[in-house]
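Understanding the architecture of this molecule
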Amino acid sequence: MLKKCLKHEWKACWKNMALLNGVAIFMGALGGFGFLFSHISELPDLLIVLYLFAYVLIVIAASVMTQVLMIQRYYKNLFTDEGYLTNVLPVSATDHILSKMLVFGAWCILNALSVLASFAFLLLPSAIRYFTANTLLFYNKTMTFSDFLSYLWAQITGVADAAFSLIGITNHIGMALFSIVGFFASLFFGILLFYAAISIGSLVSSHKILTAVLSHIGMTTVIQIFGGISIVRVFQDSTPTAVVTTSSVSTLIITVVLCVVLFLICRYILSRRLNLS
């Protein structure tokens, strides 16, 4: 049943999501194309300013609206008049939550990739045009574009190796696993925090959205306070290396535990305390 729910969720929202992120990519490609051929015909300064303003606005809007539309999907599909139909289907609360969470997470990742692709389309053509005619003097070294990319990658991997060695991870497989688990834990924690707030907001008979907003602010504040207290205690009782190790591992464990707690809150409300009035 989860597979069918995922398929239904994807079909219900992919057009709007694809349009938002497609426009962001298109704007990046449009700017890259314009800047690439700007040496043929000088572009007016006003046109460049207007384009950059529209570009930043569209990229931000694509990221924000991706979040808003997916949160709205959870609320409308389960807790409004549409919920009368959704909740009589032979689908468990677990499947409802998982399907929406996984699709939400997928679109968050796709949105991030689309923003990166947009930046790449905007900047790379001009960078390639520059490096084909010039070399870069970097730290008293003359570099081509490919040399610069190799140097930049070496620096990034060096920083990553040093950071992970502080928490006792020295092989690339361990680094990859820790990063993947941490990324998805943080991603699903953010999604489930929204879902739990909306679910709590549904318990009241009026001002559901206001209650959901206040619930989200309250839960976020409490989590940050306890997280700050725990980090301060770690700093007081440990060496610098132990601080990094303890805080990184404990943060990951706490995030996973909070994901489970928030999921159970959503599941309990959907299955035992559903209020569509």
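From a predicted model like this one, the values you see are computed outputs, not experimental measurements. (Residues numbered from 1 in each chain as written. Predicted model: local features only at pLDDT ≥ 70, side-chain atom pairs only at ≥ 80, totals over all residues. Heavy atoms only, no water.)

So, about the pattern of salt bridges. A complete count under the given rule lists three salt bridges for this structure. Here Arg-73 makes a salt bridge to Glu-9, at a shortest N to O gap of 3.2 Å. One end of the pair, Arg-73, is in helix 2 (residues 45-79); the other, Glu-9, is in helix 1 (residues 2-36), with 64 residues separating them in the sequence. Take Arg-73 and Glu-9: they sit in the same class, and that class is buried. Between Arg-73 and Glu-82 there is a salt bridge, and its shortest N-O distance comes to 3.9 Å. Of the residues examined, Glu-82 reaches a relative accessible area of 34% and is grouped as partly exposed. The structure contains a network of salt bridges with shared partners spanning Glu-9, Arg-73, Glu-82 and Lys-100. (Salt bridge = Lys/Arg side-chain N within 4 Å of Asp/Glu carboxyl O. Helix = DSSP H or I, 4+ residues; strand = E, 2+ residues; numbered from the N terminus. Buried < 20%, exposed > 50% of the residue type's maximum accessible area, 1.4 Å probe, protein only.)

Here the focus is unusual backbone geometry. Within the chain, His-207 stands out as a residue other than glycine whose phi angle is a positive 55°. Of note, His-207 is situated in the loop between helix 6 (172-201) and helix 7 (208-237).

Let us now look at the layout of surface pockets. In this structure, the second largest pocket occupies an estimated 270 Å³ of space. Lining the second largest pocket, in full, are Ile-71, Gln-72, Tyr-75, Phe-194, Ala-197, Ile-198, Lys-208, Ile-209, Ala-212, Val-213, His-216 and Ile-217. Listing elements by their share of the lining of the second largest pocket, those giving two or more residues are helix 2, helix 6 and helix 7. In terms of residue count, the dominant contributor to the lining of the second largest pocket is helix 7 (six residues). (1 Å grid on protein atoms, 1.4 Å probe; cavity = no way out; pocket = protein on both sides within 12 Å on 5 of 7 lines; lining within 4 Å. Points joined across faces, edges and corners; volume = space filled by probe spheres on them.)

This brings us to the nonpolar core. Within the largest apolar cluster, 30 residues are counted, with the highest numbers of intra-cluster contacts made by Tyr-74, Leu-192 and Tyr-195. Per element, the largest residue contribution to this core is ten residues, and it comes from helix 6. Not counting the four nearest positions on each side in its chain, Tyr-74 is found in contact with Phe-79, Lys-100, Tyr-195, Ile-198, Ser-199, Cys-266 and Leu-270. In terms of nonpolar packing, the next biggest core, distinct from the first, is built from six residues, Met-27, Tyr-51, Val-59 and Val-115 among them. (Core = buried A, V, L, I, M, F, W, Y, C linked by side-chain atoms within 4.5 Å. Contact = heavy atoms within 4.5 Å.)

This part covers a nonpolar patch on the surface. Where nonpolar side chains cluster on the molecular surface, the patch consists of Trp-10, Trp-14, Leu-110, Leu-113, Leu-116, Phe-119 and Leu-123 and spans about 680 Å² of accessible area. Elements with a contribution of two residues or more to the nonpolar patch: helix 1 and helix 4 (93-133). Tracing the sequence through the fold places Leu-110 in helix 4. Leu-110 gets classed as partly exposed once you look at its relative accessible area, which sits at 35%. (Patch = residues over 30% accessible without salt bridge, like charges linked within 9 Å, V, L, I, M, F, W, Y side chains within 5 Å. Areas by Shrake-Rupley, 256 points an atom, 1.4 Å probe, with all protein chains shown as cover.)

Attention now goes to the side chain of Asn-21. Mapped onto the elements, Asn-21 comes out in helix 1. Polar contacts involving the side chain of Asn-21 include one to the side chain of Asn-111, which spans 2.7 Å. Separated by 2.9 Å, the side chains of Asn-21 and Ser-114 make a polar contact. (Polar contact = N/O pair within 3.5 Å; in protein donor to acceptor, adjacent residues only side chain to side chain.)

Here we come to the side chain of Ser-114. Structurally, Ser-114 can be placed in helix 4. Residue contacts for Ser-114: discarding those within four places in its chain leaves Asn-21 and Ile-25.

We now examine the packing of aromatic side chains. Inspection of the entire model under this criterion finds eight aromatic pairs. Centroid distance Tyr-74 to Tyr-195: 3.8 Å. Interplanar angle 10°. Geometry classified as stacked. Of this pair, Tyr-74 sits in helix 2 while Tyr-195 sits in helix 6, and the two are 121 residues apart along the sequence. When its relative accessible area of 0% is taken as the criterion, Tyr-74 is described as buried. A relative accessible area of 0% places Tyr-195 in the buried class. Through a chain of ring-to-ring contacts, the aromatic side chains of Tyr-74, Phe-79, Phe-104 and Tyr-195 assemble into a single cluster. (Phe/Tyr/Trp six-rings, centres within 6.5 Å; stacked < 30°, edge-to-face > 60°.)

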